[in-house]
Amino acid sequence: MQHTEIIAEIGNTHEGSLGLAKAFIKAAADCGVDRVKFQTHIFDAESLPDAPNPPYFKDETRKEYFDRTGFSLENWRELKRYSEEECGVGFMSSPFSLEAVDLLEAIEVDSYKVASGEVSNTPLLEKLAQTGKKIYLSSGMSSWDEIDEAVEILKKGGGEVLMMQCTSDYPCKPENAGLGLLKEMAKRYQLPVGFSDHTLGLAVPIAAVAAGACVVEKHFTLSKVMYGPDAQFSVTPEEMTALVKAIRDVEKALASEVNKDEKAAQLSTMKTTFEKSIVSVTEIPAGTVIGPEHLGYKKPGLGIPAAQFRKVIGKVAAVDIENNIRLSWDMLESEK
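The rules behind these values
- Residues numbered from 1 in each chain as written.
- Predicted model: local features only at pLDDT ≥ 70, side-chain atom pairs only at ≥ 80, totals over all residues.
- Heavy atoms only, no water.
- Helix = DSSP H or I, 4+ residues; strand = E, 2+ residues; numbered from the N terminus.
- Buried < 20%, exposed > 50% of the residue type's maximum accessible area, 1.4 Å probe, protein only.
- Contact = heavy atoms within 4.5 Å.
- Areas by Shrake-Rupley, 256 points an atom, 1.4 Å probe, with all protein chains shown as cover.
- Lys, Arg positive; Asp, Glu negative; His and termini not counted.
- Charge placed at Lys NZ, Arg CZ, Asp CG, Glu CD.
- Pairing = 2+ DSSP bridges.
- Axes fitted to C-alpha atoms, helices over the stretch in contact; angles between N-to-C directions.
- Polar contact = N/O pair within 3.5 Å; in protein donor to acceptor, adjacent residues only side chain to side chain.
- Salt bridge = Lys/Arg side-chain N within 4 Å of Asp/Glu carboxyl O.
- Patch = residues over 30% accessible without salt bridge, like charges linked within 9 Å, V, L, I, M, F, W, Y side chains within 5 Å.
- Phe/Tyr/Trp six-rings, centres within 6.5 Å; stacked < 30°, edge-to-face > 60°.

**Observations concerning the overall build of the protein chain**
Link 1 in the chain: Of the regular secondary structure elements, the protein chain holds 13 helices and 12 strands.
Link 2 in the chain: Its C-alpha atoms put the protein chain at 100 × 40 × 40 Å along the principal axes.
Link 3 in the chain: Counting every position in the protein chain, which comprises 336 residues, the buried fraction comes to 45%.
Link 4 in the chain: The contacts of the protein chain with a sequence gap of at least 6 include a subset with a gap of at least 24, amounting to 65%.
Link 5 in the chain: For the protein chain, the computed accessible surface area is about 16300 Å², with 52% contributed by carbon and sulfur atoms.
Link 6 in the chain: In the protein chain, which carries 37 positive and 51 negative side-chain charges, the distance between the mean positions of the two groups comes to 6 Å.

**Notes on the sheet that holds strand 1 (residues 5–11)**
Link 1 in the chain: What the 8 strands build is an open sheet, ordered 3-2-1-8-7-6-5-4; its pairing is parallel. Whereas interior strands pair on both sides, the edge strands pair on one side only; in this sheet they are strand 3 (90–95) and strand 4 (111–114). The average undirected angle you get between the axes of adjacent strands in this sheet is 25 degrees.
Link 2 in the chain: As judged from the 3 bridges shared by strand 7 (residues 193–197) and strand 8 (residues 215–219), these two strands associate in the parallel manner. Across the sheet, residue Asp197 finds its bridge partner in strand 8, namely Lys218.
Link 3 in the chain: Strands in contact with helix 6 (residues 122–131) are strand 3, strand 4 and strand 5 (134–138); relative to strand 4, the strand with the most contacts, it is inclined by about 160 degrees.
Link 4 in the chain: Docked against the sheet, helix 8 (residues 181–189) engages strand 6 (161–165) and strand 7, running at close to 155 degrees with respect to strand 6.

**Examining the pairing of strand 3**
Link 1 in the chain: Within strand 3, 6 of the 6 residues are buried, leaving the element largely enclosed by the surrounding structure.
Link 2 in the chain: Taken together, the 6 bridges between strand 2 (residues 35–40) and strand 3 define a ladder with parallel strand orientation. Looking at strand 3, one finds that Phe38 is bridged to Ser93.

**Observations concerning the side chain of Ser139**
Link 1 in the chain: Note on placement: Ser139 falls in the loop between strand 5 and helix 7 (144–155).
Link 2 in the chain: For Ser139, a relative accessible area of 4% corresponds to the buried category.
Link 3 in the chain: A distance of 3.1 Å separates a polar atom in the side chain of Ser139 from a polar atom in the side chain of Gln165.
Link 4 in the chain: Setting aside chain neighbours within four positions, we find Ser139 in contact with Ser116, Ile147, Met163, Met164, Gln165, Cys166 and Met185.

**Examining the pattern of salt bridges**
Link 1 in the chain: Scanning the entire structure with this criterion turns up 23 salt bridges.
Link 2 in the chain: The partner of Arg81 in a salt bridge is Glu85, with the nearest N and O atoms 3.8 Å apart. Of this pair, Arg81 and Glu85 both sit in helix 4 (residues 73–86), 4 residues apart, which is roughly one turn of that helix.
Link 3 in the chain: Glu85 gets classed as exposed once you look at its relative accessible area, which sits at 61%.
Link 4 in the chain: Connected through salt bridges with shared partners, the residues Lys22, Glu78, Arg81, Glu85 and Glu86 form a single ionic network.

**Describing a nonpolar patch on the surface**
Link 1 in the chain: On the surface, Leu267, Met270 and Phe274 cluster together into a nonpolar patch covering about 300 Å² of accessible area.
Link 2 in the chain: Tracing the sequence through the fold places Phe274 in helix 12 (residues 268–274).

**Quick word on the packing of aromatic side chains**
The description of an aromatic ring pair uses the distance of the two centres, along with the angle that the planes make with each other.
Link 1 in the chain: Under the criterion given, the structure shown has 8 aromatic pairs.
Link 2 in the chain: Consider the rings of Phe38 and Trp76, whose centres lie 6.0 Å apart with planes at 85 degrees: the pair is edge-to-face. Taken together, the positions of Phe38 in strand 2 and Trp76 in helix 4 put the pair 38 residues apart, joining distant regions of the chain.
Link 3 in the chain: When the centroid spacing of 6.3 Å and the interplanar angle of 85 degrees are considered together, the rings of Tyr297 and Phe309 count as edge-to-face. Taken together, the residues span a long stretch of sequence, with Tyr297 in strand 10 (residues 295–298) and Phe309 in helix 13 (residues 309–312) at a distance of 12 residues.
Link 4 in the chain: Tyr297 sits in the partly exposed class, given a relative accessible area of 36%.
Link 5 in the chain: Within the aromatic cluster, the residues linked to one another by ring pairs are Phe38, Phe71, Trp76 and Phe91.

What follows is the structure, encoded as structure tokens:
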């Protein structure tokens, strides 16, 4: 049975607090996720001082935000240790600069996520490929040509590459989620495919599993009113728990074959309760030729099945039959 990897995207919603970041990890692990993901931003290595904010976050400059929410090397090492050793979940982060890759290599991560805005960052891709580690490649902002080039670069490293369908709208409307692209990506690149979700609610990531995603990533927060650009688009622990359960149920449904004949036999009591028998809807004197006007179809299915009504029409009443009586074959004769 397929086990869908479920990733809780914590990003930077931890506000630069090691304790809060650990609380996020513990809460995500308690929800049943397989992995937590952060973002490793070193502002001076990835942005000019005047780099604009995304349209949905204007409360402080990018530099102020990333400088304030950044972690030291030892902090990152501790978060990885805490995730893996104390909470039993995988740890991953998206690097946004070459220096960020060096930092994450120093703490010996086992995989990387390429964020949507980094797909065209060839130096970063080449550096990641050289690690030989598993790489999740997001497609959120990229054209097919850009994705083609990124996949080619990453495959040269020899490590596992996994495509992540993503649409970088915040929030993303369900009709823009691109679930139909999962099979196209799998065929085009001959790679496993996953889904990084920016829609509101749980319906689309659940549907992604049925559509073939082997990984589902969803933004995660302790509260939707937390500060920062991502909390309002994230799921709470209660929602993440529901998402994990739903995905596990979908996996069971997809993996389990049902024999309709065997199941019908097992449901014989239910069939008797809910199926219909042929009944009289008028008084039918003995000797009357049975016509459609004499017949109705009512529960339970203990008599002549409704499916056999044509065999009853044209028969002759062998006895007086009262109204609203379940018919049986011994009440009928073949001819007058």
